[in-house]
Every structure is written in C-alpha cells, then in structure tokens.
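Chains, contacts and geometry: an overview
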Amino acid sequence: MTIEEGVELAGFTTLGTGGPARAFARPETEADVEGALRWASERGLAVATIGLGSNLLAADDGVDALVLRLAGRLAAVVVDGDGIRAGGGAANAVALHRARAAGLGGFEFACAIPGTIGGGVWMNGGAYGGEFSQVLERVRVVSADGSGWFTPTELGLSYRHSDLRHGQVVVEAELRLHPRDPAEIKATVRELNAQRKAAQPTNRRTFGSVFKNPEHELSAGRMLEACGLKGHRIGGAEISPKHANFIENAGGARTADALALMAEARRRAHEQYGVELRHEVEFLGGLELPPLT
Ligand SMILES: Cc1cc2nc3c(=O)[nH]c(=O)nc-3n(C[C@H](O)[C@H](O)[C@H](O)COP(=O)(O)OP(=O)(O)OC[C@H]3O[C@@H](n4cnc5c(N)ncnc54)[C@H](O)[C@@H]3O)c2cc1C
C-alpha cells in the first residue's frame, strides 16, 4: 500500500473544497489498515478515515493527519443469507443495489444518503424514518488498540451520532435485512428519490444537512429560511435557495466560505430564536465555529 503526500482533499469531498492531507492511503485489507495505523503511530500522526466526503468540511490549508480512503475488499459488498456484509468503504448505493438484486429490503432509506457504509455508521445516517442503527447487526472496527466487532448499542448510535473517534476505522458492517420483492424496492426508491429531488438541491455540490435539527417546532432548514438566509452568499458558498439547511458550492467555494456562512446562520438563529444550532457536517483539520455571544 502506497502512502502518498499532498493529496488534495477537494477531490474527495462532495462540496469540492479542502486542502492537502499530510499523508493519504487507500488500504484494501484489514492488514493494510493495521499497517497504516502503525505507520502513523510511529510518526505521532493522527488518523482520519473518509468515505465519499458527503458530510465533510476539510480545512483549506490542509489536514495534518494520515487520511485513509478504504478500497478493494474493504469497499466490497457480499450478500449473506438475509443480510449483507459490506466493507466500510462500500458506497451505500452499491450496497442497496446488491440488496435489491438479492430481494432484500430494509435499506431503501439509504438511497437518500450519498456516502459509504463507514460514513453511515459514523453518522448513524438516516432518512425517511430509517437509519443505520435499525439495520446494523454488528460492525468491525480496527484501531491502534486492536480490532473487534461492536453492536449499534456499543457504538452509541443515536440521532446522527456515534461514539466513534478518529483513529477507529469501520472496516466492515453486517446489515440485517428482510425478504422483499425487488420491484417493490425499486418503486420505494423511485418514490423517495422523487421526494428528495422536489425538496433539496440534488444537482448541486453540497454536503447534505449543515445543522442537526434543533429541539424546536421549526426544523433547522425552516428556521434558517425564516431568518432570510436562502440565497445568502459568502465567497463561492451560498445557502441553497431551495433548502436553507444546505450550502452549495456556487463556484470556486472554499471551506472558509462555507464556515463563514455557518457562523452567520448560527448567529441569526440564536438572535431570532435563542437556539444554538449544532453542526451535522464533520470537520477535518482543526476547523471551528466562533462561539455565540
Ligand atoms: C445531497 C446530500 C444529501 C444527504 N442526505 C442525507 C440524509 O438524508 N441523511 C443523512 O444521514 N445524511 C445525508 N447526507 C450526508 C452524508 O451523505 C452522510 O452523513 C453519510 O453517511 C456520510 O458518508 P461518507 O462516506 O460520505 O462519509 P464522509 O463524509 O467521508 O465522512 C463523515 C464522517 O465519517 C467518518 N468516516 C467515514 N468513513 C469512515 C470509516 N470507514 N471509518 C471510520 N470513520 C469513517 C469521517 O471521518 C467523518 O468524520 C447527505 C449528503 C448529501 C451531499
């Protein structure tokens, strides 16, 4: 496995922003991951694993870590009885396709989540009433302290949250599904995709929901819309005119632009509603939002 230097993360995030990783590797086996973790530990470097970068803001001036992007066997999907075994780097779309072909339902919600299995576990990704915690049987995690299988409860999965920390690599997950007619699965996915297209900017570069929904009668999107933020632009980043909880790369955006928009959105939501919005998007490279005053 080659360890590369200076790989620009902009090529690995759906927003299309982010500077170079200090080191970058594409492990294809669990042994590769263990080797990469050892390599980083010998150099005192942090490790972060990325999936399809669909929920990721990486610092413009780079990320001082070994960044892993799982490939090969660690991105494969195998049907196994009434479930599937998927590598942490497997795209949800591939896992869903395999499940449908095998007549296995329960993962349809993931058609809305353009990430990987590992990213879905980390975020406990969910949509349309489904979420990863409902379908996960167990998850294999490799870290410098060793490897093991964990249940969703042991991983602390809750609303868009797990207790996983950087340096813990989700290499495989077993999903428990149930028999369903492939034609019905296809129809459900078509219907969910149509709903998604009507409500969200699906043909723009974004990173999905910016903020988690607060405990409030308004969702984050409705709240930011009511703050008059739709179409608000800083640099090349713009609050989506279609859905205010999305930030679009309107051309030449930098991570700093997106971060500045997020700070402004939080400030206004706090001012108008007294709500402290918490970001759903993950940060890499020491990014921070200014405190609310
Ligand atoms: C248009 C659009 C719509 C979206 N809609 C939804 C939605 O409806 N519901 C939803 O939940 N999300 C949604 N998202 C957000 C995103 O797709 C999910 O959060 C997804 O689970 C992230 O997966 P990823 O592979 O892209 O992870 P990344 O964005 O690459 O990483 C996210 C986090 O997971 C960690 N990570 C990734 N892979 C691993 C691994 N193998 N081991 C350990 N850590 C890992 C990363 O370090 C990072 O902290 C949407 C995004 C977009 C762009």
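To be clear, the structure that these remarks concern was listed above.
Residues numbered from 1 in each chain as written. Predicted model: local features only at pLDDT ≥ 70, side-chain atom pairs only at ≥ 80, totals over all residues. Heavy atoms only, no water.

Near the ligand there are 32 residues, and of these Thr49, Gly51, Ser54, Thr116 and Gly126 occur at the shortest range. In the environment of the ligand, a nitrogen atom lies 2.9 Å from a nitrogen or oxygen atom belonging to the backbone of Val170. Burial of the ligand by the protein amounts to 95% of the accessible area it has alone, namely 970 Å². Put simply, the parts of the chain that give the shell around the ligand at least two residues each are β4 (46-50), α3 (117-123), β10 (126-127) and β14 (169-176). Considering every element that reaches the shell around the ligand, the biggest residue donor is α3, with 5 residues. By residue class, the composition of the shell around the ligand is 13 nonpolar, 16 polar and 3 charged. (Near = heavy atom within 4 Å. Polar contact = N/O pair within 3.5 Å; in protein donor to acceptor, adjacent residues only side chain to side chain. Areas by Shrake-Rupley, 256 points an atom, 1.4 Å probe, with all protein chains shown as cover. Helix = DSSP H or I, 4+ residues; strand = E, 2+ residues; numbered from the N terminus. Nonpolar A, V, L, I, M, F, W, Y, C, P; charged D, E, K, R; others polar.)

Negative phi is the rule for most residues except glycine; trans is the rule for most peptide bonds. Although it is not a glycine, Asn124 adopts a positive phi angle of roughly 45°. Within the secondary structure layout, Asn124 lies in the loop between α3 and β10. Positive phi outside glycine occurs at Arg160, with the angle close to 50°. Position of Arg160 among the secondary structure elements: in the loop between β13 (146-150) and β14. Its relative accessible area of 15% is what places Arg160 among the buried residues. (Buried < 20%, exposed > 50% of the residue type's maximum accessible area, 1.4 Å probe, protein only.)

To continue, consider helix α5 (residues 182-199). Taking 1.5 Å as the rise per residue, α5 with 18 residues should run 26 Å; its terminal C-alpha atoms sit 26 Å apart, in good agreement. Taken together, the buried positions of α5 are Ile185, Val189, Leu192 and Arg196. Buried residues of α5 fall within an arc of 70° about the axis and therefore sit on the same side. Turned more than 90 degrees from where α5 packs its buried face, Arg190, Lys197 and Ala198 sit exposed. Its buried side turned inward, α5 meets α2 (92-101), β9 (104-105) and β10. For α5, the capping residue at the N-terminal end is Asp181, with a side-chain oxygen 3.0 Å from the backbone nitrogen of Ala183. (Expected span 1.5 Å × (residues − 1). Arc of directions from axis to C-beta. Contact = heavy atoms within 4.5 Å.)

This next bit is on the nonpolar core. Membership of the largest hydrophobic core comes to 32 residues, with the highest contact counts inside it found for Phe107, Ile117 and Val121. Residue assignment for this core shows that the elements contributing at least two residues are β8 (83-87), α2, α3, α4 (132-135), β12 (136-143), β14 and α5. The element contributing the most residues to this core is α3, with 4 residues. Excluding anything up to four places from it in sequence, Ile117 contacts Ala86, Gly87, Gly88, Ala90, Asn92, Ala95, Phe107, Phe132 and Ala173. (Core = buried A, V, L, I, M, F, W, Y, C linked by side-chain atoms within 4.5 Å.)

Moving on: the pairing of β12. Of all 8 residues in β12, 6 are buried; the element is thus mostly enclosed. Two elements, β12 and β14, share 6 bridges in a ladder whose sense is antiparallel. Bridge assignment links Val142 to a residue of β14, and that residue is Val169. Sheet analysis places β12 next to β13, joined by 5 bridges and oriented antiparallel. Counted as the bridge partner of Val139 is Phe150 from β13. What sits between β12 and β13 in their antiparallel hairpin is a turn of 2 residues. (Pairing = 2+ DSSP bridges.)

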